[in-house]
Amino acid sequence: MTFFQKRRGLLPYLLLAPGLLWLVFFFLVPLYYMGRTSLETGTIFTGYEFTWHFKTYTDAISNYHEQLIRSFLYAGSATLIALAIGYPLAYAIAFRGGKWKTALLLMVILPFFVTYLIRTLSWETILEDDGIVVNTLQAVGLLGQNGRILATTGAVIAGLTYNFLPFMILPLYASLERIDGRMLEAGYDLYGTRRAVFTRITLPLSMPGVVAGVLLTFIPAAGDFINAELLGTPRQTMIGNVIQSRFLELTDYPTAAALSFVLMALILVLVLAWAKIAGTESLMGAEAR
C-alpha cells in the first residue's frame, strides 16, 4: 500500500496546504507587519520605533473622516448604478441570449483585456472638455456651454461604475443562468403575469448573485484611488488617494497603515450588515416560496 492509501485522512490537508501557505505568506504576514507599522512612531529620517501608539488611529480618523465618508458614498453610488445596469443586462443574456450568450459574455469581460490604468485614462479622454460626450450634451442642451464632466463627482462615480461593472454582471448571470426554466413555466401558470413571476421566483432565486455582485463591486470601489486621481480633483479625493500619498509620497507609514486597517474594519462592518440585511436565505440561494 502507498503512503496516501495508508493515511487517507491526511489527503484533504495536503490539498489545502498550498492555499493555506499562500494565505499565510501573502495575507497574514503582510497584515501583521501592517498592524505593527501602524503602532510605530518616528520618521523615515530618524527611523521608526514600535511604541504601541494607538493615537495614530484616532488622529487618522479625525483628520481623514471626510475622505472615508466620500469613499463609501462614491462606492455605494457606483454599486447601485452597476446593479441597475447589470441586472437587466445579465437577465437578457441569461434568458434571451440564445446562441449569442458566449459572445455577449465575452463582450462583458473584454475590458479586462486592457489594463485598469489604460481603461481609466481612456475615460479621461472621452470626458475631456472638447470630447465627443461634452460636445454632444452641449449640442442637445443638456450641458451648458461652459459646463464640463471631467473633474467632477459624476466623472469619478462613472469611472468606478464602468471599471467594476463586470464584477456585478458575472455573478448575476451565474445565478440567473441556474434558474430552472420549468420553475418559470410553472410560475406563469400559477401567477399569470411577468411581474409576479419576476418578483416571486426570478428575483428571490437570483439574490445570491445580487449579494455577490454588490460585495464584489463595493469592496474594491471603496478602496480605489485611480479614478479619483485621473477623473476628479482634490475635492473628490478618496481614502485610497490618502493612503497612496501617505505611503509613497509623504512616507508617513504609520498613518497610512492605520488608515488601511480602519478602511478594512469599516468595510467588514458594512459587509456583515449587508449579509444580515440580505439574510442567510439569499446568501445560500434558498428556493422561492
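Structure: see above.
Here the focus is the side chain of Ser175. Tracing the backbone shows Ser175 in helix H7 (residues 153-177). For Ser175, a relative accessible area of 4% gives the class buried. Each residue touching Ser175, except ones within four places of it in the same chain, is listed here: Leu205, Ser206, Pro208 and Gly209.

Tallied over the full model, the rule gives 5 salt bridges. Between Lys101 and Glu177 there is a salt bridge; the shortest N-O distance is 3.0 Å. Here Lys101 is found in helix H4 (residues 101-109), whereas its partner Glu177 is found in helix H7, with 76 residues between them in sequence. Where Asp252 meets Arg246, a salt bridge forms, and the shortest distance between an N and an O atom there is 2.8 Å. In this structure Arg246 comes out as buried when scored by relative accessible area, which is 19%.

Here the focus is helix H5 (residues 116-126). Listing the buried residues of H5 in full gives Arg119, Thr120 and Trp123. Around the axis of H5, the buried residues are gathered within 95° of arc, so they sit on the same side. Packed against the buried residues of H5 are H7 and helix H10 (226-231).

Moving on to the side chain of Thr202. Note on placement: Thr202 falls in helix H9 (residues 194-222). Of the residues examined, Thr202 reaches a relative accessible area of 2% and is grouped as buried. With near-sequence residues (within four places) excluded, Thr202 lies in contact with Tyr87, Tyr91, Phe95, Leu176, Ile179, Leu184 and Val197.

Considering all chains together, one arrives at 14 aromatic pairs under this definition. Summarising the aromatic geometry, the rings of Tyr87 and Phe198 are spaced 5.8 Å apart at their centres and angled 90° between planes, so their arrangement reads as edge-to-face. With a gap of 111 residues between them, Tyr87 in helix H3 (residues 55-96) and Phe198 in helix H9 connect regions that are remote in the sequence. Take Phe198: its relative accessible area is 28%, and that puts it in the partly exposed class. Aromatic ring contacts, followed pair by pair, group Tyr87, Tyr91, Phe95 and Phe198 into a single cluster. Between Arg36 and the ring centre of Phe50, over which it is positioned, the NZ or CZ distance is 4.5 Å.

In the sheet, strand E1 (residues 40-43) pairs with strand E2 (residues 47-50) via 4 bridges, with the strands oriented antiparallel. Looking at E2, one finds that Thr43 is bridged to Gly47. Between E1 and E2, which pair antiparallel in sequence order, lie 3 residues.

Thresholds, definitions, all that
Residues numbered from 1 in each chain as written. Predicted model: local features only at pLDDT ≥ 70, side-chain atom pairs only at ≥ 80, totals over all residues. Heavy atoms only, no water. Helix = DSSP H or I, 4+ residues; strand = E, 2+ residues; numbered from the N terminus. Buried < 20%, exposed > 50% of the residue type's maximum accessible area, 1.4 Å probe, protein only. Contact = heavy atoms within 4.5 Å. Salt bridge = Lys/Arg side-chain N within 4 Å of Asp/Glu carboxyl O. Arc of directions from axis to C-beta. Phe/Tyr/Trp six-rings, centres within 6.5 Å; stacked < 30°, edge-to-face > 60°. Lys NZ or Arg CZ within 6 Å of the ring centre and 35° of its normal. Pairing = 2+ DSSP bridges.

None of the figures reported here should be taken as evidence of function without further support.
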